[in-house]
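Summary of the model geometry
Below, each chain spelled out in residue letters.
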Amino acid sequence: MRIGYGFDSHEFCPGIPLKIGGVAIAHDKGLGGHSDGDVLLHAITDALLGAIAAPDIGVLFPPSDPKWKGADSVIFLREALKRVRDAGYGVANVDASLILAAPKIGPHAAPIRARVAELLGVAGDCVGLKAKTPEGLGTENAAIAHVVVLLERSRSKTDRRKKSH
Ligand code: MG
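Heads up: these notes are all about the structure in this document. (Residues numbered from 1 in each chain as written. Predicted model: local features only at pLDDT ≥ 70, side-chain atom pairs only at ≥ 80, totals over all residues. Heavy atoms only, no water.)

What to know about the coordination of the magnesium ion
For a metal with four donors in a tetrahedral arrangement, the ideal angle between donors is 109.5 degrees, while six donors in an octahedron ideally sit at 90 or 180 degrees. Counted only if it meets this: Water is not part of the atom set, so a site may look incomplete; the donors themselves are N, O and S atoms within 2.8 Å of the metal, or 3.2 Å for Na, K and Ca. Helix and strand assignments follow DSSP, with helices taken as H or I runs no shorter than four residues and strands as E runs no shorter than two, numbered in order from the N terminus. Per-residue accessibility, obtained with a 1.4 Å probe over protein chains only, is compared with the maximum for each type, and a residue is labelled buried under 20%, exposed over 50%, and partly exposed between these values.
Protein coordination at the magnesium ion: the donors are Asp8 (OD), His10 (NE2) and His42 (ND1), at 2.1 to 2.2 Å from the metal. If you list the donors of the magnesium ion from N- to C-terminus, the spacing comes out as D-x1-H-x31-H. Here His42 lies in helix α1 (residues 39-51) and Asp8 lies in strand β1 (residues 2-14), a separation of 34 residues in the sequence. Just as Asp8 is buried, His42 falls in that class too.

Overview of the packing of α1 against helix α4 (residues 109-120)
Basically, it comes down to this: Lines fitted to C-alpha atoms define the axes, with helix axes restricted to the stretch in contact, and inter-axis angles between N-to-C directions lie between 0 and 180 degrees. Handedness of a crossing is defined here by the sense of rotation of the near helix relative to the far one, left-handed for an anticlockwise turn of less than a right angle and right-handed for a clockwise turn. In this description, contact between two residues means that some pair of their heavy atoms is separated by no more than 4.5 Å.
Here α1 crosses α4 at 35°, and the two axes come no closer than 12 Å. Crossing of α1 over α4 shows right-handed handedness. Note on element contacts: α4 touches α1 through Ile112, Val116, Leu119 and Leu120, opposite Leu40, Leu41, Ile44 and Leu48.

Here's the deal with the sheet that holds strand β5 (residues 89-99)
Rule in force here: Note on pairing: DSSP must find at least two bridges between two strands before they are called paired.
Across the sheet, which stays open at both edges, the 5 strands sit in the order β4-β1-β7-β5-β6 with mixed pairing between neighbours. In this open sheet, the two edge strands, each paired with only one partner strand, are β4 (29-31) and β6 (127-132). The mean angle between the axes of side-by-side strands here comes to 20°, regardless of whether they run parallel or antiparallel.

As for the packing of aromatic side chains
Applied cut-off: Two rings belonging to Phe, Tyr or Trp (six-membered ring only in the last case) form a pair when the distance between their centres is within 6.5 Å. Interplanar angles under 30 degrees mark stacking, angles over 60 mark edge-to-face geometry, and anything in between is tilted.
What the rule picks out here adds up to 3 aromatic pairs. Put simply, the rings of Phe61, Trp68 and Phe76 pair up and form one aromatic cluster.

Considering the pairing of β6
Bridge count for β5 against β6 is 6 bridges, and the pairing is parallel. Note on β6: the bridge partner recorded for Val94 is Val127.

Details of helix α3 (residues 74-86)
Basically, it comes down to this: By this rule the span expected of a helix is its residue count minus one, scaled by 1.5 Å. It is the directions from the helix axis to the C-beta atoms whose arc is reported.
With 13 residues, α3 should cover 18 Å at 1.5 Å per step; its first-to-last C-alpha distance of 18 Å lies within 8% of that length. Taken as a whole, α3 has its buried residues at Val74, Phe76, Leu77, Ala80, Leu81 and Val84. An end-on view of α3 places all buried positions within 155° of arc, on one side of the element. In this structure, the buried side of α3 is in contact with α1, α2 (57-60), β5, α4 and β7 (142-153). Once α3 ends, the next one or two residues include Gly88, with phi positive near 90°.

Digging into the packing of α1 against α3
So the rule is basically this: These descriptions rest on fixed angle ranges, namely under 35 degrees for roughly parallel, over 145 for roughly antiparallel, 65 to 115 for roughly perpendicular, and the rest for oblique. Throughout, the ten residues Ala, Val, Leu, Ile, Met, Phe, Trp, Tyr, Cys and Pro are labelled nonpolar, Asp, Glu, Lys and Arg are labelled charged, and all others, Gly among them, are labelled polar.
The N-to-C vectors of α1 and α3 enclose an angle of 15°; their axes lie 9 Å apart at closest approach. Between α1 and α3, the interaxial angle falls into the category roughly parallel. As for how α1 packs across α3, the hand of that crossing is left-handed. Facing α1, whose interface residues are Leu41, His42, Ile44, Thr45, Leu48 and Leu49, α3 presents Val74, Phe76, Leu77, Ala80, Leu81, Arg83 and Val84. In terms of residue class, the contact of α1 with α3 is made up of 10 nonpolar, 2 polar and 1 charged.

Okay, structure coming up:
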């Protein structure tokens, strides 16, 4: 088994669409960033990469590369998942905490969990999602995500050796 942890934060900016966990959410501000600013998918991507000691999201998809401007963060997650599978692991479960003042995540929690489960290829009850407001943190204009992921071996070391021949 492997455990991975990911953290990300993005600042709210007016006039851009808001996407969290691959789900479009109606709001007067979106999350700024070089890609689509999906703070939750970025933290999940880094948790997956960290669990297999792979390079992090900023190394694999550098913000300095114009290729990733406005990119759908699903691309980053899929690459991380491919690397996890190539390393001989599968996702057991993922647990996330979102910290943001607005919008309220409650009404969007079910679609976000369902989308993340679909992207990771796991059952809906393998995706935990909590939302908190930033009491005392002074981060009202940011969205923050903390994620832990557990990986389990999907095949034996012998199988992995065979594949490499
Ligand atoms: Mg990010």
